[in-house]
Structure formats: structure tokens, C-alpha cells
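In case you want the letters, here they are:
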Amino acid sequence: MIDVPTAPWLHTLFDLAAWTAAAFGGRWVYRHRPASVTQLAQQTAPGYFVALALGAATGAWLSGSLNTLRLSTPGVSHSIAGALAGGILGVELWKWRAKITGSTGGAFVMPLCIGIVVGRWGCLFAGIADHTYGTPTALPWAVDLGDGIGRHPVQVYESLAMALFLLVYWPALERGRRWAVSQGFHAFVLAYAVQRFAWEFLKPYPPLLGPLNIFHLLMIGLGLYAVTWIARPVAAPPQPAPA
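Rules used throughout
- Residues numbered from 1 in each chain as written.
- Predicted model: local features only at pLDDT ≥ 70, side-chain atom pairs only at ≥ 80, totals over all residues.
- Heavy atoms only, no water.
- Phe/Tyr/Trp six-rings, centres within 6.5 Å; stacked < 30°, edge-to-face > 60°.
- Helix = DSSP H or I, 4+ residues; strand = E, 2+ residues; numbered from the N terminus.
- Buried < 20%, exposed > 50% of the residue type's maximum accessible area, 1.4 Å probe, protein only.
- Patch = residues over 30% accessible without salt bridge, like charges linked within 9 Å, V, L, I, M, F, W, Y side chains within 5 Å.
- Areas by Shrake-Rupley, 256 points an atom, 1.4 Å probe, with all protein chains shown as cover.
- Salt bridge = Lys/Arg side-chain N within 4 Å of Asp/Glu carboxyl O.
- Expected span 1.5 Å × (residues − 1).
- Contact = heavy atoms within 4.5 Å.
- Polar contact = N/O pair within 3.5 Å; in protein donor to acceptor, adjacent residues only side chain to side chain.

Novice: Report on the packing of aromatic side chains, specifying residues and quantitative values.
Specialist: Within the structure shown, the criterion is met by 12 aromatic pairs. Both rings, one in Trp-28 and one in Trp-170, keep their centres 5.2 Å apart while their planes meet at 70°; by these two values the pair is edge-to-face. Residue Trp-28 is found in helix 1 (residues 8–32), and its partner Trp-170 is found in helix 6 (residues 154–174); the two are separated by 142 residues along the sequence. Judged by relative accessible area, which is 14%, Trp-28 ranks as buried.

Structure (C-alpha cells):
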């Protein structure tokens, strides 16, 4: 069993690190994939980002609190999974009103993915109080978060899973692979939904429908959303201008 030093302030530290790393990811996209940034600017307006922010904030606190308020020690909480789902819903409603039918999420994949990879370690080092810990296990990589119980390091599982996606996505984006350029955001959402759905079985969250908790159901919705978009025919990606 691995003893993990925990403190609530470590969550804040890793949140700052995640935002910083995500900003560098966004900078890389701006410099190396300017077409996706230009496309986003041409298709959207300030209302797009308002809808994104409101949707993400509402989804984060609503989904997190609906889960933690049902625990034995209820409390208000927030969730990156809910933020992703709420942000998508807000954006899609804005696009529907603006009659925009194409994908606008390509520029966000790198920052989001990097932010999750870094940020989940903050959840681990925040300890039991963060309510993101795993169920007990006797596996050799079980972590002790301060209560003497070996648990699945589900935060690390999620970080490594999204790092693996990044290792596939990043080279494909650099090479201009069609799936990464045209459907990168939906590939990211699908990868996130699949891995998060799996890890939810290793968390002591209260079930909502049979053995499934609220995040299982949320991931099913995100997965269906992503698959629906991926199945749609897309135009060929724009070719970079000659140097």
C-alpha cells in the first residue's frame, strides 16, 4: 500500500497547475493549428463563450452536488464531468439558436485533455475530503489517503487514461489526420466518457439506476453525443498554407 500525503491546499495547487498547463496547451494550438482557432472565431460570437461558461459552471455544481448530497456525509461539490457535459449542452443550444451545424470544439481538445491529466492529481492529494477516492482494494498500488484503508487510485487511473489519449491525439493532429482535425473534440469526449464510465465502478458513490451512479448515466449521454457526431459525414480538413 502506498501512503499518499494529503492536504486540501494541494488541490488548489494542482488546480492552478492544471490551468497553467492547459493555457500552454491552448498556446500550442494557437501557434501550430491556427486554422482551428480561426474557424472558432469565424463561427462564434461572445454569446458562445457566455453559454459555454454558464453551462460548464451549472453542470459542474449540479452534477457534483446531486452526487455528494446523497452521501452519508452530504455536502455541496463540483465535477469536471458535469462541467464538460454542461458546457457541451450550453454550446449546442447556442449553436442551435445561431443555426451553426459544424463542430466548434477542436481548439479546446488540447487544453481540456492536459488540464484533466494534471488536475486529477490534485483530487488524489486532497484526500478523503475530496470525495473522489476509490473503493478498497488489496492491489499493490492501493493508496492510503490518511484513513489507513488501501483504495483504488481512481484519480491516477483517469489521469493516465487521458494521457494515453493525448499521446495518440497529439501526433495525429500534428500530421493532420482527418479524425483528429475534423472530429478531435468528439473523439476526446468519447475517450473521456468510456474511461470515466469504467472507473465509476471503483468509486463508493450511491447508485441511481441499478448499479449505475449519476456519473455512469452522464457518461452514457456523453458517449452517445460523441458517437452521433462521429457518425456524421464531415468535410475534408483544411490544408495548411505552403511555407
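Picking up after the structure, the text goes on.
Novice: Go over a nonpolar patch on the surface, please, and point to the residues and values.
Specialist: Together, Leu-164, Leu-167, Val-168 and Trp-179 make up an exposed nonpolar region whose accessible area comes to about 420 Å². When residues of the nonpolar patch are assigned to their parent elements, the largest contribution, three residues, is made by helix 6. The topology assignment puts Val-168 in helix 6. Under the relative-accessibility criterion, Val-168 is labelled partly exposed at 48%.

Novice: Describe helix 8 (residues 214–230), listing the residues and the values that go with them.
Specialist: The first and last C-alpha atoms of helix 8 sit 25 Å apart over 17 residues, in line with the 24 Å expected at 1.5 Å per residue. Turning to helix 8, its buried residues number three or more, namely Ile-214, Phe-215, His-216, Met-219, Leu-222, Gly-223, Tyr-225, Ala-226 and Trp-229. Those residues of helix 8 hidden inside the fold are in contact with helix 3 (46–68), helix 4 (80–98) and helix 7 (178–199). Here helix 8 starts with a cap whose side-chain oxygen sits 2.8 Å from the backbone nitrogen of Phe-215, and that cap is Asn-213.

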